[in-house]
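Listed here are the chains, written in short residue letters.
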Amino acid sequence: MNKLIEPHGGTLKELYLSADAAAAEKQQAREYPSWDLTYRQLCDVELLLNGAFSPLEGFLSQADYRCVLSDLHLENGVLWPMPVTLDVTETFADGIAPGSRVALRDPEGVLLAVLEVTDLWRPDKTVEALQVFGTDELLHPGVNYLFNQAHPVYLGGRLRGIEAPIHYDFKHLRDSPRELRDKFKKWGWRRIVAFQTRNPMHRAHYELTFRAAQLTEANLLIHPVVGMTKPGDIDHYSRVRCYERLLQYYPEQTTTLSLLHLAMRMGGPREALWHAIIRKNHGCTHFIVGRDHAGPGNNSQGKPFYGPYEAQEMVARYQEEIGIQMVPFQEMIFVQERAEYAPGNEVVEGETVLNISGTEFRRRLQEGLEIPEWFSYADVVTELRRAYPPRRRQGFTVFFTGLSGAGKSTIANALMVKLMELGGRSVTLLDGDIVRKHLSSELGFSREHRNINILRIGFVASEITKNGGIAICAPIAPYAATRREVREMVSPGGGFLEVYVATSIEVCEERDRKGLYAKARAGLIKEFTGISDPYETPENPEMAIDTTECTPDEAAQRIILKLEKLGYIK
Ligand code: PPS
C-alpha cells in the first residue's frame, strides 16, 4: 500500500496508565514534588498523553532536544521538528535530579501525570530561538515566549498519564486521536484531508477546503487549534461558533469538525511539519498546507519571518517520512468577473481581484461597517459581530498617569461626570487615593508595592472594560513596564487610552495641595515620586495634557473628543 495514504494513522502512543496503576501512582504522587503546569504546558501534556505527539513518550531528553534543534529528528532518527520541553524555575529545579519523579498538576491541583525525570539542563535560549525559529527577534511570538515566559531549566523524561485535562466547553467537538480514528473507521472514511486553522473561516477558506477534498477524493476534517494561538487572535469561543455555522455549507456527510488543544509556536515551516505529524496521528491521510502556514507575521524590518511557500517546501520534503500526503494550496482570491474564487496562480491578467485583508476585516467589524457577501457568510459575520461589537458598544479604560498633584484626579472627575452625562455605559473611577484606601491599604510605595497596586487597578479595569463599562484610572503609575502590562491586560477586551498628565515637577511642587512635597523635601516621606523616587515619562501615550495650559474642564473635553474620534463614543 502507498505509505502516504495509509488509513487511520500509524502506531499511536497513548501514555495513560491502566485504572489500577493510575490509582496506585496517585497515592505515591503525594510524596513527589508538585509542578503546577502553565497553560502552554497543559496543552503539551494533553497532546503527549493522548498520543497526538506520537512517537514521543514524554518531554524531550537533552540528547533528543539537541538533535531536534539541529536536524529535526530525535536521537533515534525519527522525524520530530519541534522541541517539546518542560520548563521550570531555578527554585523548583533545585530539589530535582535525574531519577526524581514530579507530579504534574493542573491549576486546580488535579494530578494529570507523573514525570520520571531523566534529564535536567539549562538551555541556551538564543541557540534554540535561532535553530527553531531562524531568528532571535522578540517580535516573533515563539521567540518572545521562549525568552520572556519560558522558565530557565528544562526537565526531560517519560510521562505516566493519570487523567486528561478537563474541558467544559464544546465537549461534543473534542476528540483524542483514538476517538477520531474510531469515528473515521465507523463512518467508513479511509481518505481524510485535514485543515488546520487559528482564524475564523470565511468563503476563501471554504472554497479552499472544498476544492482540496474534491481534488483528493477525500473526506474533510476541519481541525482548528483552540489551545494557544498567536496573541491577539480572535478567541476560540467565537471561532468555534463560526466553524459550526460554516459546516452546514458542505455537502452532507463529507465533512466534520474537531478541536485540537495545541499550543502553537508560530514556527512557520517547522511548525507545518509538526502539524502534519499531529494530523497523521489523528488518522488523516492528507494535510492542507496553504500560503504562510503558521506564519508569525513581520519582523522589525517589516518583512515576513518566513517565505510564503517555505512551509510547503518543508512538508513536501518530509511527507513520505511522515506518511501523510500534503495538499499544497495557493491563496484563494475572489475574481470579480467570474464571481468566484480561484487559486492565486490561476488568475489571468486583466481580471479584477477583490480582497479584504485581516486588518481591514477587523476595522470593518470595529466600526460596524458592511462586510460583503463574497467575503463571508452572513451567519458567520453575525457570530463575529456578536463577539466583537463596534467600538461605540465596547468598554474602554482611560488610564491617567503623572506626578502627585499633576491634576490627574481633577481631570478624571470632570471626565467621569461628562461621560455619565452622555449615558449608555456605567463609569467607574479608580483614583489613586481611592484605590489605596479600598484595594491596596496594606501597600507602601516601594517599586514592588507600586507595581502590585497598579496591576490590581489594571485587573479591575480589564474586567470592567471586558464587560462593556468605562474604567477611569488615575494613579501615579511611575513605571513604564507596569503601564505596558496594564495596557496588555485591558486591550483584548476593549479600548485603552493612556493620558499623560504632563504637569512639571516644579509646578506640582509649587502647588503642593496636600503639603506632601514639603514633607518629602524635609525627608519626612520616603520614596516620594519626583523627589526621591523615579517617574518614567510615557513615550507613546495616546494623549499628553499639561494642566498649566488648560483648565480641567478643557482637558476633559479634549479627552471626550479623542474618544469620539476613536469611535468609542458617538
Ligand atoms: S502609585 O505609584 O501609582 O502606586 O501611587 P498612587 O497609588 O497613585 O499614589 C496615590 C497617592 O499617594 C500619596 N503618596 C505618595 N505619592 C508618591 N510617592 C509617595 N511616597 C507617596 N506617599 C503618599 C499621594 O498623595 C498620591 O496621590 P496623588 O493623587 O497622585 O497626589
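The shown structure was predicted, so the numbers you read here are calculated from the model rather than taken from an experiment.

Participant: Requested: an account of the pairing of strand S12 (residues 332-335), with residues and values cited.
Facilitator: Moving residue by residue along a regular strand, the side chains alternate between the two faces of the sheet. The two faces of S12 match: Met-332 and Phe-334 on one face and Ile-333 and Val-335 on the other face are all buried. Counting the residues between successive antiparallel strands, the hairpin from S12 to strand S13 (residues 340-343) contains four residues, one of them, Ala-339, with a positive phi of roughly 50 degrees.

Participant: Lay out the sheet that holds strand S8 (residues 219-224) with the relevant residues and their values.
Facilitator: As summarised here, the arrangement of the five strands in space is S9-S8-S7-S10-S11, forming an open sheet in which the pairing is parallel. The strands lining the two open edges of the sheet, one partner per strand, are strand S9 (255-257) and strand S11 (325-328). Neighbour-to-neighbour, the strand axes of the sheet open up by a mean angle of 25 degrees, direction not taken into account. Note: S8 against S9, three bridges, orientation parallel. Its bridge partner being in S9, Leu-221 is matched across the sheet by Thr-256. Sitting on the sheet, helix H7 (residues 177-187) touches strand S7 (192-197), S8 and S9, and the angle it makes with S8 is about 160 degrees. Across the face of the sheet, helix H11 (residues 310-322) comes into contact with strand S10 (286-289) and S11 while running at roughly 155 degrees to S11.

Participant: So what's going on with the sheet that holds strand S17 (residues 470-474)? Residues and values would help.
Facilitator: In space, the five strands of this open sheet follow the order S16-S17-S15-S18-S19, with parallel pairing throughout. The sheet is open, and its two edges are formed by strand S16 (427-431) and strand S19 (543-545), each paired on a single side. Sheet twist, expressed as the average angle between the axes of neighbouring strands with direction ignored, equals 15 degrees. As paired elements, strand S18 (residues 495-501) and S19 share three bridges and run parallel to each other. Note on S19: the bridge partner recorded for Val-499 is Met-543.

Participant: I'd like to hear about the domain arrangement of the chain, residue by residue, with values.
Facilitator: Domain boundaries in the chain define domain 1 (3-161), domain 2 (171-260 + 266-387) and domain 3 (391-566). Its C-alpha centre places domain 1 at a distance of 42 Å from the equivalent point of domain 3.

Participant: Account for the site of the ligand, with residues named and values stated.
Facilitator: Close to the ligand lie 22 residues, the nearest being Ser-404, Arg-436, Arg-450, Ile-476 and Glu-527. Take Arg-436: an N or O atom from its side chain is 2.5 Å from an oxygen atom of the ligand. Within the residue set of the shell around the ligand, elements represented by two or more residues are helix H14 (408-422), helix H15 (432-438) and helix H16 (447-466). A per-class count over the shell around the ligand returns nine nonpolar, six polar and seven charged.

Participant: Before we move on, can you summarise the nonpolar core with the specific residues and values?
Facilitator: Soluble globular proteins: nonpolar side chains tend toward being buried together. Ranked by size, the top nonpolar core spans 73 residues in total, and within it Phe-53, Trp-80 and Leu-104 carry the most contacts. The element contributing the most residues to this core is helix H10 (residues 268-281), with six residues. Taken together, domain 1 (3-161) and domain 2 (171-260 + 266-387) each give at least three residues to this core, which thus spans both. Excluding residues that lie within four positions of it along the chain, Trp-80 makes contacts with Phe-53, Ser-54, Pro-55, Leu-56, Val-68, Leu-72, His-73, Leu-74, Trp-274 and Ile-277. Formed by 37 residues, the second largest nonpolar core is a distinct cluster that contains Ala-213, Ile-234, Leu-259 and Ile-288.

Participant: Before we move on, can you summarise the packing of aromatic side chains with the specific residues and values?
Facilitator: Inspection of the entire model under this criterion finds 22 aromatic pairs. Where Phe-184 meets Trp-189, the ring centres are 5.7 Å apart and the plane angle is 10 degrees; that geometry is what we call stacked. Geometrically, the ring pair formed by Trp-374 and Phe-375 is edge-to-face, given 6.0 Å between the ring centres and 85 degrees between the ring planes. Taken together, Tyr-206, Phe-210, Tyr-249, Tyr-250 and Tyr-377 form an aromatic cluster joined through their ring pairs. Just above the ring of Tyr-377 sits the side chain of Arg-203; from NZ or CZ to the centre is 4.2 Å. Seen from the ring of Phe-445, Arg-436 lies directly overhead, with NZ or CZ sitting 3.7 Å from the centre.

Participant: So, the packing of H10 against H11: which residues are in play, and what are the values?
Facilitator: Packing of H10 against H11 brings their axes to within 8 Å, and their N-to-C directions diverge by 35 degrees. Remark: the crossing between H10 and H11 carries right-handed chirality. Contact with H10, carried on its side by Gly-268, Pro-269, Arg-270, Ala-272, Leu-273, Ala-276, Ile-277 and Lys-280, involves Glu-310, Ala-311, Met-314, Val-315, Tyr-318 and Ile-322 of H11 and no other residues of that element. Here the contact of H10 with H11 is built from residues that sort into ten nonpolar, one polar and three charged.

Participant: I'd love a proper account of the environment of Val-435, names of residues and values included.
Facilitator: You can see Val-435 is positioned in helix H15. For Val-435, a relative accessible area of 2% puts it in the buried group. Along the chain, Val-435 and Gln-557 lie 122 residues apart, while their C-alpha atoms are 25 Å from each other.

Participant: Break down helix H9 (residues 236-247) for me, citing the residues and quoting the values.
Facilitator: With twelve residues, H9 extends 16 Å from end C-alpha to end C-alpha; this agrees with the ideal 16 Å at 1.5 Å per step. Within H9, burial applies to His-236, Ser-238, Arg-239, Val-240, Cys-242, Tyr-243 and Leu-246. Tucked into the core, H9 has its buried residues touching S7, helix H8 (203-216), S8, S9 and helix H13 (378-387). N-cap assignment for H9: the residue whose side-chain oxygen lies 3.1 Å from the backbone N of Tyr-237 is Asp-235.

Participant: Any details on the packing of helix H3 (residues 62-71) against helix H5 (residues 125-133)? Residues and values, ideally.
Facilitator: Here H3 crosses H5 at 45 degrees, and the two axes come no closer than 8 Å. Put simply, H3 runs oblique to H5. Touching Tyr-65, Leu-69 and Ser-70 of H3 are Glu-128, Gln-131 and Val-132, all from H5. Broken down by class, the residue content of the contact of H3 with H5 amounts to three nonpolar, two polar and one charged.

Participant: Give me the layout of surface pockets: which residues, what numbers.
Facilitator: One number sums up the size of the second largest pocket: a volume of about 1,500 Å³. Forming the walls of the second largest pocket are 46 residues, and the residues nearest its centre are Arg-198, Asn-199, His-205, Arg-291 and Glu-331. Those elements that provide at least two residues to the lining of the second largest pocket are S7, H8, S10, S12 and helix H12 (358-367). The residue inventory of the lining of the second largest pocket, partitioned by class, reads 21 nonpolar, 18 polar and seven charged.

Participant: How would you summarise the side chain of His-73 if you had to cite specific residues and measurements?
Facilitator: Within the secondary structure, His-73 sits in the loop between H3 and strand S3 (86-88). Of note is the side chain of His-73, whose polar atom sits 2.7 Å from the backbone oxygen of Asp-71. In terms of polar contacts, His-73 uses its side chain to reach the side chain of Glu-321, at 2.7 Å.

Reading the values: the criteria
- Residues numbered from 1 in each chain as written.
- Predicted model: local features only at pLDDT ≥ 70, side-chain atom pairs only at ≥ 80, totals over all residues.
- Heavy atoms only, no water.
- Buried < 20%, exposed > 50% of the residue type's maximum accessible area, 1.4 Å probe, protein only.
- Helix = DSSP H or I, 4+ residues; strand = E, 2+ residues; numbered from the N terminus.
- Pairing = 2+ DSSP bridges.
- Axes fitted to C-alpha atoms, helices over the stretch in contact; angles between N-to-C directions.
- Contact = heavy atoms within 4.5 Å.
- Domains from an automatic or database assignment.
- Near = heavy atom within 4 Å.
- Polar contact = N/O pair within 3.5 Å; in protein donor to acceptor, adjacent residues only side chain to side chain.
- Nonpolar A, V, L, I, M, F, W, Y, C, P; charged D, E, K, R; others polar.
- Core = buried A, V, L, I, M, F, W, Y, C linked by side-chain atoms within 4.5 Å.
- Phe/Tyr/Trp six-rings, centres within 6.5 Å; stacked < 30°, edge-to-face > 60°.
- Lys NZ or Arg CZ within 6 Å of the ring centre and 35° of its normal.
- Left-handed = near helix turned anticlockwise from the far one by under 90°.
- Expected span 1.5 Å × (residues − 1).
- Parallel < 35°, antiparallel > 145°, perpendicular 65-115°, else oblique.
- 1 Å grid on protein atoms, 1.4 Å probe; cavity = no way out; pocket = protein on both sides within 12 Å on 5 of 7 lines; lining within 4 Å.
- Points joined across faces, edges and corners; volume = space filled by probe spheres on them.

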